[in-house]
Amino acid sequence: MSLRAGVVAVQGDVSEHAAAIRRAAGRHDRGAEVVEIRESGLVPDCDALLMPGGESTTISRLLTREGIDAEIREHVAAGKPVLATCAGLIVAAGDAKDDRVDSLGLLDVAVDRNAFGRQVDSFEAPLSVDGLDDPFPAVFIRAPAVDPESVGDDVEVLAAWDGRPVAVRQGPVVGTAFHPELTEDDRIHDLAFFEQAAAPHRDTRL
Ligand code: GLN
């Protein structure tokens, strides 16, 4: 059965994420249909959701204005997977420490925007991620980080860099501070959308 994946398409690397989702699906002999989300009414039909990077203020404004925010919360309440990357992680967090961001509260963490400093605009690091056998080539671009003091009891830290959590999971939601779509490596998409499928809390349609 083909996976219907919604990608929030306000800004960010929509086509790169779509390609990574298709590659990850292919590893499981599945197809993937990718739906671009810019308006309400589409999320309820999606099996999985991806919230890409970009500018968290812009993304959160659109989600609120279009009423997509409530649909995403329902999606998560139904146990369906979400992968939120970079600005997506900021929007998915419980606290973005910035009044201009209406964070969705999908992950019980507070996030520091531009945590690695504006000077260090971007960098790539070989990141050890729980659940992956080999380091992941993680590309950070004006990246946020999870405040280590803020990590809730139900949140699992999958990876940390420089003492700060940069990949976390809570139930069906995986958040990364880096951009997993910018390399050919689709293991993060796989982890978020397919590898968790066997876990008991997962929606059986996956
Ligand atoms: N710095 C951006 C923000 O705070 C996130 C950057 C990104 O998504 N690459 O919204």
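Residues numbered from 1 in each chain as written. Predicted model: local features only at pLDDT ≥ 70, side-chain atom pairs only at ≥ 80, totals over all residues. Heavy atoms only, no water.

J.: Tell me about helix α2 (residues 56–66), residues and numbers included.
T.: Along α2, the positions that sit buried rather than exposed are Ser56, Thr57, Ile59, Ser60, Leu62 and Leu63. Residues of α2 that are buried sit in contact with β1 (3–8), β3 (48–51), α3 (68–77) and α4 (87–92). (Buried < 20%, exposed > 50% of the residue type's maximum accessible area, 1.4 Å probe, protein only. Helix = DSSP H or I, 4+ residues; strand = E, 2+ residues; numbered from the N terminus. Contact = heavy atoms within 4.5 Å.)

J.: An account of the packing of aromatic side chains is needed here, citing residue identities and associated values.
T.: For the structure shown, the criterion picks out five aromatic pairs. Taken together, a centroid distance of 5.6 Å and an interplanar angle of 65° make the contact between Phe116 and Phe140 edge-to-face. Pair noted here: Phe116 is in the loop between β6 (107–112) and β7 (122–127) and Phe140 is in strand β8 (residues 136–141), with a separation of 24 residues, a long-range link. The structure contains a cluster of three or more aromatic residues connected by ring pairs, namely Phe116, Phe123, Phe136, Phe140 and Phe178. Its guanidinium or amino end placed over the ring of Phe116, Arg164 lies 4.6 Å from that ring's centre, counting from NZ or CZ. (Phe/Tyr/Trp six-rings, centres within 6.5 Å; stacked < 30°, edge-to-face > 60°. Lys NZ or Arg CZ within 6 Å of the ring centre and 35° of its normal.)

J.: Before we move on, could you go through the sheet that holds β1 and cite the residues and values that matter?
T.: Strand pairs in the sheet, formed through backbone hydrogen bonds, run parallel or antiparallel to each other. Read from one edge of the open sheet, seven strands run β2-β1-β3-β4-β12-β11-β10, paired in mixed fashion. Here the strands that pair on one side only, and so sit at the sheet edges, are β2 (32–37) and β10 (156–161). The sheet shows a mean angle of 20° between the axes of neighbouring strands, taken without regard to direction. Relative to strand β12 (residues 173–176), strand β4 (residues 82–85) is paired through four bridges, and the arrangement is parallel. Paired with Val82 across the two strands is Val173, which belongs to β12. Sitting on the sheet, helix α1 (residues 14–27) touches β1, β2, β3 and β4, and the angle it makes with β2 is about 155°. (Pairing = 2+ DSSP bridges. Axes fitted to C-alpha atoms, helices over the stretch in contact; angles between N-to-C directions.)

J.: Which residues make up the pattern of salt bridges, and what are the values?
T.: On inspection of all chains with the given rule, the structure shows 14 salt bridges. A salt bridge links Arg27 to Asp190; the nearest nitrogen and oxygen atoms lie 3.8 Å apart. Within this pair, whereas Arg27 is found in helix α1, its partner Asp190 is found in helix α5 (residues 187–193), the two being separated by 163 residues in sequence. A relative accessible area of 45% places Arg27 in the partly exposed class. (Salt bridge = Lys/Arg side-chain N within 4 Å of Asp/Glu carboxyl O.)

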